Amino acid sequence: MPLRSVAIMASVRAVVWLLVALVAASSVQAEPARYDNYRVYKLFIDRVEQLELLQLIEQFPDGYAFLTDPVHLNTTVKLVVPPHKVAEFVELDRKFSLKAEVAFENLQTVIDRQLRGRRETFGWTAYHTLEDIYGWLDTLVEQYPDVVSPIVAGQTYEGRQIRGVKVSYKAGNPAVFTEGTIHAREWISAATVTWVLNELLTSDDPAVRNIAENYDWYVVPVANPDGYVYTHTNTRLWRKTRSLQNVLCYGVDPNRNWDYMFNQGGTSTLPCADTFSGPEPFSEIETRTLSQYISTIPNLSTYLDFHSSGQLLMVPYGHTREPLDNYYELMEIGTKAITKLQERHGSVYKVGNIAEIIYIASGSSLDWVKGTLQTPLTFAYELRDTGEYGFLLPPEQIIATAEETLDSIILLVSAGQHLHLAMKFLTVCFALALFGATVAEKARYDNYRVYRVRIQDVRQLELLQAIEQYPDGYRFWSDPVKVGTEVLLVVPPHQRGHFSDLRARYGLRAELQTANLQQQIDLESRPSLRKETFGWNAYYRVDAIYGWLDGLVASYPGVVTPLNVGNSFEGRPIKGVKVSYKAGNKAVFMEGLIHAREWVSGATVTWVLNELLTSTDPKVRSIAENYDWYFFPVTNPDGYEYTHTTDRQWRKTRSEASALCRGADPNRNWGYNFMQGGASSVPCSDTFAGATAFSEVETRQLSDFIATLDNLSTYLAFHSYSQLLLVPYGHTTARLDNYDQTIAIGTKAINKLQERYGTTYKIGNIAEAIYVASGGSIDWVKGVLRTPLVYAYELRDLGRYGFVLPPDQIIPTAEETLDSIIVILEEGANYGYH
């Protein structure tokens, strides 16, 4: 194809995608992220293994968020823990002796507190939007036309101006540049900068008048307007710019993107990371245009950069601890400044270069101004506080913070005047980090939403697969593997704004299924439903199920015998029973709850077992007495117990996969075509196959037991959800072994299943009916043991409730399932399999 034609087609595609995005944006209403019941934990790092753990969490956050970076031993960090991660964190706390303390029980209440106090007139009892700040700057230009002039110091990715003002009382003054809110979430930065600006114009204090009138002041309150707006409209914890990096990730850390010692430490090359430095220096229009403007300022003597939190006064550089340039002069001035700052309200600051006082952090504005422009005085403030609120400082602390800061600025500028230097400030984000309580508690999913998403094209598929790889709190209830399929996606409250953006940009058809997942979980597990005697109007825990099995052994001594194939990773027995009315029968194996969160699986297996013992229906009696039945309702007891005690959404085993990650997917861990597709090698993934085939003690012992059953003719595995009857194999869509006969039998079975309640199932092999998924139990039973009839049920429903099927659907699900099992055995006998 001629290059011109290729270019035209590319342009047409670009226009089409733009139109799609615009149409989608008009139909999707953005909403702010929320952090209800997200906890913030404070943690002191005193061991290397603790530091390594926290750095691993920082690299693969999956919903966690650090408010301060874990970089040194003997430092305190704070970590935001979403409700669904609390239980996991408690376990990590115990394992690594984190000794974490709860800083905030509910992060949203802290955020709400920050939003109080806004009035029609601009002031410093509240935090203001970008629009309000810019409107106030315009007012200053009108009120002080001979002193204040507007400046545009740069442009943004989303088309905003980086605006500020110049304050000049006379010509020939040395210049001071003040920069605020380069990190979007550090609101106290902009508030302090505007308060100081107001004082320079209105104060009659002689010391303030001196620096106001003997320097030209270039004041830019918001150096990252797009990000700052985003913190008000979408996600309060947003830090970066808003440029598009890939299908999933937005933004670059604008204080790691400057072209001086770029990427020389303390930065990330991962686009989703908070400290992503960008693909190259000055990749961001904000840093590029701002640096160009700063380069034009004549007689620049002082550069002051404002961040939060940590109560630090920092000097260059961030890439090295070596005392470069006029380090000792800056330290002398800085020491005097923080002493002065402490006098007013008692706030204690520390002074030092970035690398020594916080951590290595290269590519900052402060370092560029010092290293490239050779500006004499360059300082970066990390404003209040030392960690109680971090960058969520309550608005009632704005004025006090600004007052003491101005006290120190006066000293800095005056000292610089005396030494023929000038001053400026940098910062590197401080936040808070981790963990808490040693009392075990459940993960919660309050206001987590479940969406049904239709995958319409390859771009959407690639987006969802990127989210699956880097979830950051998202959870898939079904895997995104093919165009033209639907997935259920759990969206945590802190990702609402992000998800709204993605829906608009990619034209995602997302239908809300559940507005509050926790309510659904609460309904599913109501204690009032559980009676003293075992039944099927509620879901029961491992001990209750095992107790019931023991009761059957006692009640039916000639028919029911106990089985125990071994113990789980955490030492629980993997118990089952054999039901046999006479010798010489062919055997049927019933496997339940290999995936822990699929509760209806175990409930269905126990209900069918009860019917085989108690029903008087002739067809039930026939299959009960003419087959030997091996029932294992809970083949993943550790995981299943964990769904009751800790995290309802847990799927895997509970083995130790890595320092951070627990468990392997026991239905990807069997030794037949292991890791041949549809499984993950990432230990934190829900589909992590394990380090090797049969690495999990549960699958190893269960397979050893099954291999001893020389009369096995039928193997039935039970999962949820999707209403499918699946046949081997999961690694290929090829029709292997007795595929046609298995499908014919299964088709009659699902037709029978539909008769009772109208429930519609589909049938097919795993790879074609759902997706490629290798290493499953039914594939091993079929491929290694050559068992004639092998099926896996994906039970109710189609996604309305998903894994959290209400208990009033247990019996209907089990009834229709037993109808189909009868047909499988009858038709199998007709084919000579029994």
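Positions within a chain are numbered from 1, following the residues in the order the chain's sequence is written. Totals for whole chains, interfaces and linings use all residues, but because this is a predicted model, local features are given only for residues with pLDDT of at least 70 and pairs of side-chain atoms are given and counted only at 80 or more. Remark: hydrogens and water are excluded; side-chain values derive from all non-hydrogen atoms of the structure.

- You'll find the protein entered in an unreviewed UniProt entry as Zinc carboxypeptidase A 1, with Anopheles dirus given as the organism.
- UniProt positions are given in the numbering used here, feature names are shortened, and annotations may be inferred rather than shown by experiment. As its UniProt record puts it under Subcellular location (unreviewed entry), the protein is described as follows: "Secreted".
- UniProt lists a comment for the protein under the heading Function (unreviewed entry), and it reads "Involved in the digestion of the blood meal."

**Overview of the side chain of Asn326**
Then, in step 1: Every helix listed is a DSSP run of H or I at least four residues long, and every strand listed is a run of E at least two residues long, numbered separately from the N terminus. Within the fold, Asn326 resides in the loop between strand E10 (312–315) and helix H10 (327–345).
Then, in step 2: Each polar contact in these results corresponds to two N or O atoms within 3.5 Å; when the atoms are within protein, one needs to be able to donate a hydrogen and the other to accept it, and residues that are neighboring in sequence are counted only if both atoms are side-chain atoms. At 3.1 Å, the side chain of Asn326 forms a polar contact with the backbone oxygen of Pro376.

**What to know about the packing of aromatic side chains**
Then, in step 1: Centre distance within 6.5 Å is the pairing criterion for rings of Phe, Tyr and Trp, where only the six-membered ring of Trp is used; planes under 30 degrees apart are then read as stacked, over 60 as edge-to-face, and the remainder as tilted. Scanning the entire structure with this criterion turns up 42 aromatic pairs.
Then, in step 2: Their ring planes at 80 degrees and their centres at 6.0 Å tell us that Phe282 and Trp368 sit as a pair that is edge-to-face. Here Phe282, found in the loop between helix H8 (225–233) and helix H9 (285–295), pairs with Trp368, found in helix H12 (residues 365–371); they are 86 residues apart in sequence, far enough to count as distant.
Then, in step 3: Taking relative accessible area as the criterion, Phe282 reaches 15% and is therefore assigned buried.
Then, in step 4: Burial classes: relative accessible area under 20% of the type maximum marks a residue as buried, over 50% as exposed, and values in between as partly exposed (1.4 Å probe, protein chains only). Classification of Trp368 as buried rests on a relative accessible area of 6%.
Then, in step 5: Ring geometry for Tyr627 versus Trp629: centroids 6.4 Å apart, planes at 70 degrees, classification edge-to-face.
Then, in step 6: The class of Tyr627 is buried, set by a relative accessible area of 8%.
Then, in step 7: Ring pairing ties together the aromatic residues Phe589, Tyr630, Phe632, Phe705 and Tyr715, which thus form one cluster.
Then, in step 8: Cation placement over rings: the criterion is NZ of Lys or CZ of Arg within 6 Å of the ring centroid and within 35° of the ring normal. The ring centre of Trp238 lies 4.7 Å from the NZ or CZ of Arg242, which sits over that ring.
Then, in step 9: The ring centre of Trp650 lies 4.6 Å from the NZ or CZ of Arg654, which sits over that ring.

**Thoughts on the pattern of salt bridges**
Oppositely charged side chains may form a pair once their charged atoms are brought near each other.
Then, in step 1: Salt bridge criterion: a side-chain nitrogen from Lys or Arg within 4 Å of a carboxyl oxygen from Asp or Glu. Taken as a whole, this structure holds 40 salt bridges when the rule is applied.
Then, in step 2: With a closest N to O distance of 3.1 Å, Lys85 and Asp62 form a salt bridge. Remark: Asp62 occurs in the loop between helix H2 (48–59) and strand E2 (65–66) and Lys85 occurs in the loop between strand E3 (75–81) and helix H3 (86–96); sequence separation between them is 23 residues.
Then, in step 3: Taking relative accessible area as the criterion, Lys85 reaches 6% and is therefore assigned buried.
Then, in step 4: For Asp407, the salt bridge identified is with Arg344, shortest N-O distance 2.7 Å. With Asp407 in helix H13 (residues 398–419) and Arg344 in helix H10, this residue pair connects regions lying 63 residues apart in the sequence.
Then, in step 5: Take Asp407: its relative accessible area is 13%, and that puts it in the buried class.

**A closer look at the sheet that holds strand E17 (residues 560–567)**
Then, in step 1: Each pair of strands is called paired provided DSSP finds at least two bridges between the two strands. Spatial ordering of the open sheet is given by E17-E18-E20-E19-E21-E24-E22-E23, a layout of eight strands whose pairing is mixed. Strands with a single pairing partner mark the edges of an open sheet, and in this sheet they are E17 and strand E23 (762–765). Direction aside, neighbouring strands of the sheet carry axes that sit 20 degrees apart on average.
Then, in step 2: The pairing of strand E22 (residues 724–727) with E23 spans four bridges and is classified as parallel. Bridging across to E23, Leu725 finds its partner in Ile763.
Then, in step 3: Lying on the sheet, helix H17 (residues 542–555) is in contact with E17 and strand E18 (573–579); it crosses E18 at an angle near 35 degrees. Lines are fitted to the C-alpha atoms to define the axes, a helix being fitted only along its stretch in contact, and any angle between axes, read from their N-to-C directions, falls within 0 to 180 degrees. In what follows, residue pairs with any heavy atoms lying within 4.5 Å of each other are defined as contacts.

**Re the packing of H17 against helix H18 (residues 599–614)**
Then, in step 1: Their axes nearest at 12 Å, the elements H17 and H18 cross at an angle of 15 degrees. Between H17 and H18, the interaxial angle falls into the category roughly parallel. As H17 packs across H18, the resulting crossing turns out to be left-handed. On the side of H17, the interface is formed by Ile545, Trp548, Leu549 and Leu552, while H18 contributes Thr606, Leu609, Asn610 and Leu613.
Then, in step 2: Following the grouping adopted for this structure description, the nonpolar residues are Ala, Val, Leu, Ile, Met, Phe, Trp, Tyr, Cys and Pro, the charged ones are Asp, Glu, Lys and Arg, and the polar ones are all others, Gly among them. For the contact of H17 with H18, the class distribution of residues is six nonpolar, two polar and no charged. When an angle is under 35 degrees it counts as roughly parallel; over 145 it counts as roughly antiparallel; between 65 and 115 it counts as roughly perpendicular; any other value is oblique. What makes a crossing left-handed is the near helix being turned counterclockwise from the far one by less than a right angle; a clockwise turn instead makes it right-handed.

**Quick word on the pairing of strand E21 (residues 712–720)**
Then, in step 1: Among the nine residues in E21, nine count as buried, and that is most of the element.
Then, in step 2: Across six bridges, the pairing between strand E19 (residues 586–592) and E21 is parallel. Considered in E21, the bridge of Phe589 is made with Tyr715.
Then, in step 3: For E21 and strand E24 (residues 789–795), the ladder comprises seven bridges, and the chain directions are parallel. From the neighbouring strand, Phe718 faces E24, where its bridge partner is Tyr793.

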